[in-house]
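Structural features, examined
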Amino acid sequence: MRRATLAGALLAGKGLDAVSTVVVLHLSDSVRESVPLSRALMAWFGPVGGMALLTVITLVVVGLLAESGVIIDRLADGDTPDWYVPRLRATVYLGCATWFGLIGLWNFSHLL
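Residues numbered from 1 in each chain as written. Predicted model: local features only at pLDDT ≥ 70, side-chain atom pairs only at ≥ 80, totals over all residues. Heavy atoms only, no water.

With respect to the secondary-structure elements, T80 resides in the loop between α3 (68-75) and α4 (84-109). A polar contact of 2.3 Å, which involves the side chain of T80, links it to the side chain of D73. Look past the residues within four positions of T80 in its chain and what remains in contact with it is I72 and D73. (Helix = DSSP H or I, 4+ residues; strand = E, 2+ residues; numbered from the N terminus. Polar contact = N/O pair within 3.5 Å; in protein donor to acceptor, adjacent residues only side chain to side chain. Contact = heavy atoms within 4.5 Å.)

Looking now at the pattern of salt bridges. All chains considered together, the criterion is met by three salt bridges. Beyond isolated ion pairs, a larger network of salt bridges with shared partners links R3, E67 and R89. (Salt bridge = Lys/Arg side-chain N within 4 Å of Asp/Glu carboxyl O.)

Moving on, we get to the packing of α3 against α4. Direction vectors running N to C along α3 and α4 enclose 155°, while the axes themselves pass 8 Å from each other. If you check the angle between α3 and α4, you find them roughly antiparallel. For the pair α3 and α4, the crossing hand works out as right-handed. Facing α3, whose interface residues are S68, G69, V70, I72 and D73, α4 presents Y84, V85, L88 and R89. Partitioned by chemical class, the residues of the contact of α3 with α4 number five nonpolar, two polar and two charged. (Axes fitted to C-alpha atoms, helices over the stretch in contact; angles between N-to-C directions. Parallel < 35°, antiparallel > 145°, perpendicular 65-115°, else oblique. Left-handed = near helix turned anticlockwise from the far one by under 90°. Nonpolar A, V, L, I, M, F, W, Y, C, P; charged D, E, K, R; others polar.)

It is worth spelling out the packing of helix α2 (residues 36-66) against α4 at this point. One can describe the packing of α2 onto α4 by two numbers: an axis separation of 8 Å at closest approach and a directional angle of 150°. By the criterion of interaxial angle, the relationship of α2 to α4 is roughly antiparallel. In this structure, α2 uses T58, V62, G63, L65 and A66 to contact α4, whose residues at the interface are L88, R89, V92, Y93, C96 and F100. The residue inventory of the contact of α2 with α4, partitioned by class, reads eight nonpolar, two polar and one charged.

Put into structure tokens, the structure is as follows:
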């Protein structure tokens, strides 16, 4: 898969998580954000700004992790299997996208 497609899937998953967090926190007083970094960013930049910044941070960190296979391949002088770098990239991007998407759905389930 192309990097742009993988990054788009990650953005969709994290976007669902971010939107659901802001919506649920806005609509329900009985729910609180459990992640300390999210709470701090939302306190400093407001709910929307904090979640937008967290989304950017997430995209950068996951992107670096997904692309770490290239560094490993270079350190191994190209001795990794041909499938290693693309599969690591796809696994990291799609795994994180799925995780964030499921968290977003879980957040929305609090409104039911």
